[in-house]
Amino acid sequence: MGTMYVMHDDVFLGKLDERLQIKHQGERLADVPLLKLQGVVVLGRATMSPSVVDVLLERNIPLSFLTRYGKYRGRLEPEVTRNIFVRRGQWTAAGDTETARTAVRGFVRGKLKNYRSLLQRKQRDGEGLDVTGAIQQLQGGAIAALPKTPTIDQLRGYEGAGSAAYFGVFNQLLQGTPFEFTHRNRRPPKDPVNSLLSLGYALLRHDVQSALNIVGFDPYLGYLHTERYGRPSLALDVMEEFRPLVVDAMVLSLLKKPNGLGLGDFEQEPLNGAVSLTGDGLKRFLRAYEEKKQSEFKHPVMGRKCTYQEAFEIQGRLLAKFLMGEIESYPPLVLR
């Protein structure tokens, strides 16, 4: 099953033998074998029995709490692994060190190259779609400059410029649909497209952070994202290359499919204007996200097939090897 998503408000999570049960007002909504669980995500409000907390911690099953708009609220975190050598390498590289700069180049290069590949693929497939200017900005302006960029702050600047070029043409990728995208907005998202992106990125953060915990990292010490209280900076660093591969590609597919999502699958809060999915729309979105995570591809570094779910941990282990000095650079996941 992978990750279980709890979508109803005011549900109760209980444990019966080797199964996790979800109940609402006495009615059983789900009954899942613990053996099949890799994570639990609650979108809304929920209570749980002490036995559920105990078994999730015992079996290293992470539990994350999000709002329906995709805002991260908190996490029940099992103990990190005992691999102190990974964390020592991670902390030794902290600051604007050459090791940190090399890692950041990898994160940014992976993200921007995957942005470029997505645009190139959509331009080949889309009738009348012309995003050549954005592709050239990504390649000639941002990606080409990365090897010679001397500081992390400047690398952040190229990451921002590349993202601006990409999202500047994102609306063109939605042609043929009733949806529009003008700019990235969040906290809360004010339109359907931003609502899907925010929710997808929040789910991606849960998965990447879980993978980094398995490897043995401290997810709160990153390099591209600055240190901030409560921010899992390293998880945000590593998930950058996965944003276009997993979330953006899935969102575009859902909005373009005849049986995907339509305007009727969204609702808006009257007070703050926040847009979120309806119950039925949320179910389809979560199903699509799980299917995307389980889709297979050939990993360019490992030379074998894997799923995106597996790739989260693979990239974490490659980063660990780099920080411990076992390989010369961090190879981001770049797919054509």
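Scroll up to find the structure.
Each value, and the rule that gives it
- Chains are numbered independently. Their residues run from 1 in the order of the written sequence.
- Selection of residues for local features in this predicted model requires a pLDDT of at least 70, selection of side-chain atom pairs for listing and counting requires 80 or more, and totals for whole chains, interfaces and linings are taken over all residues.
- Excluding hydrogens and water, the side-chain figures rest on all heavy atoms present in the structure.
- In plain words, nonpolar cores are sets of buried Ala, Val, Leu, Ile, Met, Phe, Trp, Tyr and Cys residues tied together by side-chain atoms within 4.5 Å.
- Accessibility here uses a 1.4 Å probe with only protein chains present; expressed as a share of the type maximum, an area under 20% marks a residue as buried, one over 50% as exposed, and anything in between as partly exposed.
- Whether two residues are in contact is decided by their heavy atoms: any pair within 4.5 Å suffices.
- Secondary structure elements follow DSSP: runs of H or I of four or more residues count as helices, runs of E of two or more count as strands, with numbering from the N terminus.
- Whether two strands pair comes down to DSSP finding at least two bridges between them.
- Classification of ring pairs uses Phe, Tyr and Trp, with its six-membered ring standing for Trp, and accepts pairs whose centres are within 6.5 Å; under 30 degrees between planes counts as stacked, over 60 as edge-to-face, and the remaining range as tilted.
- Note on geometry: a ring has a charge over it if NZ (lysine) or CZ (arginine) is within 6 Å of the ring centre and within 35 degrees of the ring normal.

*Asks:* Please explain the nonpolar core as it appears in this structure.
*Replies:* Soluble globular proteins tend to bury their nonpolar side chains together. By size, the foremost hydrophobic cluster in this structure holds 87 residues, and its most contacted members are Leu119, Leu203, Phe217, Tyr223, Phe242, Phe285 and Leu319. Excluding its chain neighbours within four sequence positions, the residues that come into contact with phenylalanine 242 are Leu204, Val247, Tyr308, Ala311, Phe312, Gln315 and Leu333. Core analysis: the next-biggest nonpolar cluster, separate from the first, contains 16 residues, Val6, Leu13, Val52 and Leu63 among them.

*Asks:* Can you walk me through the environment of aspartate 31 in this structure?
*Replies:* Note that aspartate 31 resides in strand 4 (residues 27-33). A C-alpha to C-alpha distance of 47 Å links aspartate 31 and alanine 134, two positions 103 residues apart in sequence. Setting aside anything within four residues of it in sequence, one finds aspartate 31 in contact with Arg19, Leu20 and Gln21.

*Asks:* In this structure, what is going on with the pairing of strand 4? I would like to understand it.
*Replies:* One face of the sheet, then the other: side chains in a regular strand alternate in exactly this way. As judged from the six bridges shared by strand 3 (residues 19-24) and strand 4, these two strands associate in the antiparallel manner. Looking at strand 4, one finds that arginine 19 is bridged to proline 33. Hairpin connection from strand 3 to strand 4: two residues lie between these consecutive antiparallel strands, with glutamine 25 at a positive phi of about 50°.

*Asks:* Please explain the environment of glutamate 267 as it appears in this structure.
*Replies:* Within the secondary structure, glutamate 267 sits in strand 9 (residues 266-268). Taking C-alpha positions, glutamate 267 is 20 Å from tyrosine 5, a pair spaced 262 residues apart along the chain.

*Asks:* Mind showing me how you'd approach the packing of aromatic side chains here?
*Replies:* The geometry of an aromatic ring pair is captured by two quantities: the separation of the ring centres and the angle between the planes. Counted by the stated rule, this structure contains eleven aromatic pairs. Centre to centre, the rings of tyrosine 115 and tyrosine 166 are 3.7 Å apart; their planes meet at 10°, and the pair counts as stacked. Placement of the pair is tyrosine 115 in helix 3 (residues 98-125) and tyrosine 166 in helix 5 (residues 152-168), with a sequence separation of 51 residues. Note on tyrosine 115: relative accessible area 1%, which makes it buried. Here a set of aromatic residues connected by ring pairs shows up, and it is made of Tyr115, Tyr166, Phe167, Phe170 and Phe181. Lying over the aromatic face of tyrosine 201, arginine 243 brings its terminal NZ or CZ to 4.5 Å of the ring centre.

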